[in-house]
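One-letter residues, chain by chain:
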There are 2 protein chains.
Amino acid sequence: MQRISLVNTAHNFIKEILHPGAIAIDATVGNGHDTLFLVKQVSPSGKVFGFDIQQAAIESTRAKFLQTQGMKCLTLIQASHADMSDIIPANHHGNISVIMFNLGYLPGGDKNIITCTDSTITALHSACELLSSQGIITIMAYPGHSGGDLETAQVKNWCEQLDKEHFKIDIIYSVDNKDSAPRLFVIQKMH
Amino acid sequence: MQRISLVNTAHNFIKEILHPGAIAIDATVGNGHDTLFLVKQVSPSGKVFGFDIQQAAIESTRAKFLQTQGMKCLTLIQASHADMSDIIPANHHGNISVIMFNLGYLPGGDKNIITCTDSTITALHSACELLSSQGIITIMAYPGHSGGDLETAQVKNWCEQLDKEHFKIDIIYSVDNKDSAPRLFVIQKMH
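Residues numbered from 1 in each chain as written. Chains lettered and ligands numbered in written order. Predicted model: local features only at pLDDT ≥ 70, side-chain atom pairs only at ≥ 80, totals over all residues. Heavy atoms only, no water.

**A closer look at the overall build of chain A**
Phase 1 of the analysis: Looking only at helices and strands, one finds six helices and seven strands in chain A.
Phase 2 of the analysis: Secondary structure elements in chain A, listed N-terminal to C-terminal, are α-β-α-β-α-β-α-β-α-β-α-β-β.
Phase 3 of the analysis: Each principal axis of the C-alpha distribution contributes one length, and for chain A these read about 40 × 40 × 40 Å.
Phase 4 of the analysis: Residue pairs at least 24 apart in sequence account for 72% of intrachain contacts in chain A once pairs closer than 6 positions are excluded.
Phase 5 of the analysis: Accessible surface, chain A as shown: approximately 8000 Å² in total, 50% of it carbon and sulfur.
Phase 6 of the analysis: Computing the positive centroid from 14 side-chain charges and the negative centroid from 18, chain A places the two 8 Å apart. (Helix = DSSP H or I, 4+ residues; strand = E, 2+ residues; numbered from the N terminus. Contact = heavy atoms within 4.5 Å. Areas by Shrake-Rupley, 256 points an atom, 1.4 Å probe, with all protein chains shown as cover. Lys, Arg positive; Asp, Glu negative; His and termini not counted. Charge placed at Lys NZ, Arg CZ, Asp CG, Glu CD.)

Here is the structure:
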């Protein structure tokens, strides 16, 4: 049986939405864990765009995919997710089924390089535009690390000001150690 | 694509845990919607026990199952879920993979007959004992109806006092209309 975790929960939401042939974005490639999951869901004919500002993240993820041969579905882009609107081809705008954000720092990487709230919020605005009808954005946020508490609060504020006619927002948290425990935000575009 | 709702979210958690041959309990049969879902998951060889104090709920659910021929997996019991420990055969104790609670009143039924918090808490204690390792309890609570606000608060308190070494508790809510919006509690028994 599966052990429940917020990461698994995010994946379970996405499994219901993301099918072979669809297009997805991993806004924060990091160690490539979510990227691999997205590629598996859309293979063999779909498309995943993966963004990360760190070369180490892009390279290690590319290495991971060369082993698994999912590379033809994947486009890795060393750039800020704040620029995703400019980078994603215009014909895909409004056709993205899933956009994943995993905030914070690269596991095993430089903890001083964290997602910046301003660029995260810019990216989230873009994500809402890029999303298809019924498509979802998932955001894992970690209030437990330095700067993460503020970032989580700002993401929550951003969610709360979204137009509820067009977006449905669910927030998931664990009861244990409430203040610093990760939060999962799931946003579905209604139409 | 699936529209995200708390009911679908509860089902998505359960799908990861509940497989053919397993045993589940619907602690609040109501209109039989969740009962039907559980029977589909455990069929053809598993078992679902469904509890409801209202004869109308038991009868309409039985009628629903006579059409779908899932009846051989299902035992419907007109009794309070507070008595589930006494009613579920002893050889199943500790072997139940999923126990669902949907609090409040029977849709379309008498709104004066609502789940009673005392019996709900008694049933939740029993549910923790009946659950298998890695098994989950899902609780849908509706703070929007009369008495539902107090019941939801008491369920939340009960969750918070659970031993975090043995139980993992996730709470899911929608941002829209926060105070009266339904809450989903998901409790997984660790060992």
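**Let's talk about the relation of the copies chain A and chain B**
Phase 1 of the analysis: The transform that puts chain A on chain B rotates by 180° and translates by 0.0 Å along the axis, for an RMSD of 0.0 Å. The transformation just described matches what one would write down for a two-fold rotation axis. The rotation axis passes nearest to the C-alpha of Ile172(A) in chain A, at a distance of 2.2 Å.
Phase 2 of the analysis: The fraction of interface residues of chain A whose copies in chain B are also interface residues reaches 100%, indicating that both copies meet through the same surface. (Least-squares fit on C-alpha atoms with pLDDT ≥ 70 in both.)

**Overview of helix α6 (residues 148-160) of chain B**
Residues and elements named next belong to chain B.
Phase 1 of the analysis: Relative to the 18 Å expected for 13 residues at 1.5 Å per residue, α6 spans 18 Å between its end C-alpha atoms, a close match to the ideal helical length.
Phase 2 of the analysis: Here α6 has its buried residues at Gly148, Glu151, Thr152, Val155, Trp158 and Cys159. On an axial view of α6, the arc spanned by its buried residues comes to 125°, and they lie on one face.
Phase 3 of the analysis: Each element contacted by the buried residues of α6 is listed here: α5 (117-130), β5 (131-141), β6 (167-174) and β7 (183-189). (Expected span 1.5 Å × (residues − 1). Buried < 20%, exposed > 50% of the residue type's maximum accessible area, 1.4 Å probe, protein only. Arc of directions from axis to C-beta.)

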